[in-house]
Amino acid sequence: MTAALALACYAAAVGVVAPKALAGSAWPHRTPALAVAVWHGLVLSFTIALALTTYHLVTPTWHLHSGMSGLLRFCGLTLDARMPATGPIGVPAIAAPASVALIPLVRFGHEVLRARRVRARHRGVLDLVGRRSARLRATVLDHDTPAAYCLPGRRPRIVVSAGALRLLSPTQLESVLEHERAHIAGRHHLALAATETFARVFRWLPLAREARAQTALLLEMAADDRALRRHPRQALASALCTMAAGKAAHAPGGAFAVGGPGAVVRLRRMLDVRRRPHPALCGVLAAVVAGLPLLPPLLGCAPGM
Amino acid sequence: MRRLGDLEAEIMDRLWAWQRPTTVREIVDDINEHRPVAYTTVMTVASILYNKGWLLRAKEGRAWVYSPVRSREEYTAALMEDALGTSDDRSAALTHFVEQMGPEEVSALRKALRAAGRRTEA
């Protein structure tokens, strides 16, 4: 029972306290890709902790004396003949925690497939209606509203509207296209789908809400960084400003703000003289990401718990 | 090797440009001015487009005449609506360079850009 309690406390800390602290700190903006990994590590760690809590609640005694071998057995690393899965308690002991872990996983797969269908439909229309530009490596849509977006996935497309072409200078345009290419190359849609699914399954959880919002913003920053490797910061920053202004002018019915403060934060960050994160910080973060999923099993299976 | 989708686009391009019911023969003749294409190929692709709901067709004499269901502008507008996320379907991951925002936010952006411009001049 102590193990269940310890795991539940851990899940509460990861689910409620950690997201507030992480969302409030400054370092994620300096190393957005690693910060996204930390958010995903927290999400994974929370799910594992919840599954293990369930496991310990259903089967309170087994782990009292099994220690490390119990951990291995739980992880399916040993096909132990003594594994008490045949008893009357066996089925719920596996089924309950397994479903806690599997439901988000299945929903994620479902979400990825659904999004792929939506994109395929969009691409089907796009390929007939848009004009492909070999020079821009993008599809041009003949529409006045300035817009630039990408369809990630197996047959990716970068789309830019005629309105955006009119507003942006060639350098600005190239930096915007590079930003979109970064989304595709980095497979950012999968990271987004993961936090999106998690937020739907655990709607009430602060971690879920923060992970979704922060991942979206951090991925934009990661794409900005990649665009800035090849293009001057002034070009990307002024393009952001021009596009935002142009879009607002075309907004149906005036103002509906969904952008939030993200764009201003991104703009300031683009123009700031780049402060590279300290290698030690990156090392620590990588260790945290690797350690997060391992913590709950260690906590649950520690001898004496 | 051209893909079938390219031929679909070529057919739609012509029908949208001409804005009148058109026979497969007319389309074939027009494409043949640039490159050779078989009548049967165009006929097949036209009926694929019909089955997909892109084209309407009617019998005129012994031949079918085809016309687009909707104009290019209507499809474009629908795509943009889809893409600009009037629905908040994030995970379809039509991630934008910049989201739609209100006038106050846009002026905050401008201010930040100007401030940075002054900093670099100073």
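Residues numbered from 1 in each chain as written. Chains lettered and ligands numbered in written order. Predicted model: local features only at pLDDT ≥ 70, side-chain atom pairs only at ≥ 80, totals over all residues. Heavy atoms only, no water.

Taking an unreviewed UniProt entry as the reference, chain B is identified by name as CopY family transcriptional regulator belonging to Streptomyces antioxidans. A UniProt comment under Sequence similarities (unreviewed entry) is attached to chain B, and it reads "Belongs to the BlaI transcriptional regulatory family." (UniProt positions renumbered as here; feature names shortened; annotations may be inferred.)

Looking at an unreviewed UniProt entry, chain A carries the name Peptidase M48 domain-containing protein, with the source organism given as Streptomyces antioxidans.

Enquirer: Even after reading the chapter, I still don't get the pattern of salt bridges, so can you show me in this structure?
Expert: If charged atoms from side chains of opposite charge come close, those side chains can pair. The final tally for this structure, using the stated rule, is 19 salt bridges over all chains. The partner of Glu 178 of chain A in a salt bridge is Arg 181 of chain A, with the nearest N and O atoms 2.9 Å apart. Here the residue Glu 178 of chain A and the residue Arg 181 of chain A both occupy positions in helix H7 (residues 170-185), the gap between them amounting to three residues, near one helical turn. Taking the relative accessible area as the measure of exposure, Glu 178 of chain A reaches 6% and is therefore buried. Assessed through its relative accessible area of 13%, Arg 181 of chain A is described here as buried. Between Lys 52 of chain B and Glu 8 of chain B there is a salt bridge, with its nearest N and O atoms 2.9 Å apart. Of the two residues, Lys 52 of chain B is situated in helix H3 (residues 39-52) and Glu 8 of chain B in helix H1 (residues 4-18); the sequence distance between them amounts to 44 residues. Connected through shared salt-bridge partners, Glu 111, Arg 114, Glu 196, Arg 200 and Arg 212 of chain A make up one network. (Salt bridge = Lys/Arg side-chain N within 4 Å of Asp/Glu carboxyl O. Helix = DSSP H or I, 4+ residues; strand = E, 2+ residues; numbered from the N terminus. Buried < 20%, exposed > 50% of the residue type's maximum accessible area, 1.4 Å probe, protein only.)

Enquirer: Even after reading the chapter, I still don't get helix H1 (residues 2-24) of chain A, so can you show me in this structure?
Expert: Since one α-helical turn is 3.6 residues long, residues separated by three or four positions face the same way. Residues and elements named next belong to chain A. Taking 1.5 Å per residue as the helical rise, H1 with its 23 residues ought to reach 33 Å, and the 32 Å between its terminal C-alpha atoms agrees with that figure. At Ala 18, H1 shows its maximal bend, which comes to roughly 40°, and the proline Pro 19 appears one to four places after that position. Listed as buried for H1 are Ala 3, Ala 4, Ala 6, Leu 7, Tyr 10, Ala 11, Val 14, Gly 15, Pro 19 and Leu 22. Packed against the buried residues of H1 are helix H2 (27-30), helix H3 (32-58), helix H9 (206-230) and helix H13 (295-301). (Expected span 1.5 Å × (residues − 1). Bend = angle between axes of the 7 residues up to and from the residue. Contact = heavy atoms within 4.5 Å.)

Enquirer: Is there a simple way to think about the interface of chain B and chain A in this case?
Expert: A common way to report how large an interface is uses the accessible area buried once the components associate. Contacts between chain B and chain A engage 43 residues on the former and 65 residues on the latter. Between chain B and chain A, roughly 4500 Å² of surface is buried when both sides are summed, and carbon and sulfur atoms account for 68% of that area. Viewed at the interface, chain A and chain B are joined by zero salt bridges. Between the two partners, chain B and chain A, sit two residue pairs in polar contact (both at pLDDT 80 or more). With ten residues, helix H5 (residues 103-121) of chain B is the single largest residue contributor to the side of chain B that touches chain A. Looking at the side of chain B that touches chain A residue by residue, the classes come out as 24 nonpolar, seven polar and twelve charged. (Buried area = accessible area lost by both parts, 1.4 Å probe. Polar contact = N/O pair within 3.5 Å; in protein donor to acceptor, adjacent residues only side chain to side chain. Nonpolar A, V, L, I, M, F, W, Y, C, P; charged D, E, K, R; others polar.)

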